[in-house]
Amino acid sequence: MAKVLLGIGSNIDPEINIRNGIEALSSCLKHILLSPVYESRAIGFTGDNFLNLVVAGHTHLPLGEFATVLRDIEYRFGRERDASKYSSRYLDIDILTYDDLVGEFHSIALPRDEILNRAFVLKPLADLVPDALHPQVQKNYRDLWCDFDQEGQDIWLSPFSPVLDYDELDHREDLVG
């Protein structure tokens, strides 16, 4: 099974859409772990604040099929197929890493470049899997966050916490090794 890290965000009914999206992920992920949720302002457009978190888990699906399942989940919860990159989102699910792949696969650049340049991605990663290594730069997420220039990227901890009813929530050692 592949180890995956996903970025999830929403700024349209975010608590409902994030909760629904995470529940839908149980169809393709096992051993799900969630980071704390952070709030941040919209980047590149004027819109409501976003809630963002990182989800870790394992999938049996090959990358291309996994990406298709994630897009289908986004569409099920209101994402428009032709939405602008900089627009409000019901649900946005991005593959941050898939195992230790580096490069472009099925039109997906891995690891996702937002890990190194967006606070709302890197901080939840540093919280969730601080000792895991970024596949390309080979530094752990804790150190990457400590070195990150946060100028102009305000994020703050959200009181929202999606609650899951899973029996297998704490397998952190499987995800950071």
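Keep in mind that this is a model prediction, so the values were computed, not measured.

Engineer: Go over the packing of aromatic side chains, please, and point to the residues and values.
Structural biologist: Within the structure shown, the criterion is met by three aromatic pairs. Ring centres of phenylalanine 66 and tyrosine 98 lie 6.3 Å apart, and the angle between their planes is 50°; this geometry places the pair in the tilted category. Of this pair, phenylalanine 66 sits in helix α2 (residues 63-76) while tyrosine 98 sits in strand β5 (residues 92-98), placing them 32 residues apart in sequence. Accessibility expressed as a relative area gives 9% for tyrosine 98, which makes it buried. Centre to centre, the rings of tryptophan 145 and phenylalanine 148 are 5.5 Å apart; their planes meet at 15°, and the pair counts as stacked. Accessibility classification places tryptophan 145 together with phenylalanine 148 in one group, the buried group.

Engineer: Please provide a residue-by-residue account of α2, values included.
Structural biologist: With 14 residues, α2 extends 20 Å from end C-alpha to end C-alpha; this agrees with the ideal 20 Å at 1.5 Å per step. When α2 is considered as a whole, its buried residues turn out to be Leu63, Gly64, Phe66, Ala67, Leu70, Ile73 and Glu74. Lining the buried residues of α2 we find β1 (2-10), α1 (14-25), β4 (50-59), β5, β6 (103-105) and β7 (108-110). A positive backbone phi angle near 105° is found at glycine 78, which sits one or two residues after α2.

Engineer: Account for the pairing of β4, with residues named and values stated.
Structural biologist: Most of β4 is tucked away: ten of the ten residues are buried. The alternating pattern of β4 places Phe50, Asn52, Val54, Ala56 and His58 and Leu51, Leu53, Val55, Gly57 and Thr59 on opposite faces, both of which are buried. With nine bridges connecting them, β1 and β4 associate as antiparallel partners. Bridging from a neighbouring strand, leucine 5 pairs with alanine 56 of β4. When strand β2 (residues 30-34) meets β4, the two strands line up antiparallel, connected through three bridges. Opposite leucine 34, over in β4, you have valine 55 as the bridge partner.

Engineer: Please set out the pattern of salt bridges residue by residue, giving values where relevant.
Structural biologist: Enumeration according to the criterion identifies seven salt bridges in this entry. Salt-bridge contacts for arginine 41 lead to aspartate 154; the nearest nitrogen and oxygen are separated by 3.6 Å. Placement of arginine 41 in the loop between β3 (38-40) and β4 and of aspartate 154 in the loop between α5 (141-147) and β8 (155-157) is noted, with a sequence separation of 113 residues between them. Taking relative accessible area as the criterion, aspartate 154 reaches 49% and is therefore assigned partly exposed. Linked through salt bridges whose partners overlap, the residues forming this network are Asp94, Arg112 and Glu114.

Cut-offs used in this document
Residues numbered from 1 in each chain as written. Predicted model: local features only at pLDDT ≥ 70, side-chain atom pairs only at ≥ 80, totals over all residues. Heavy atoms only, no water. Phe/Tyr/Trp six-rings, centres within 6.5 Å; stacked < 30°, edge-to-face > 60°. Helix = DSSP H or I, 4+ residues; strand = E, 2+ residues; numbered from the N terminus. Buried < 20%, exposed > 50% of the residue type's maximum accessible area, 1.4 Å probe, protein only. Expected span 1.5 Å × (residues − 1). Contact = heavy atoms within 4.5 Å. Pairing = 2+ DSSP bridges. Salt bridge = Lys/Arg side-chain N within 4 Å of Asp/Glu carboxyl O.

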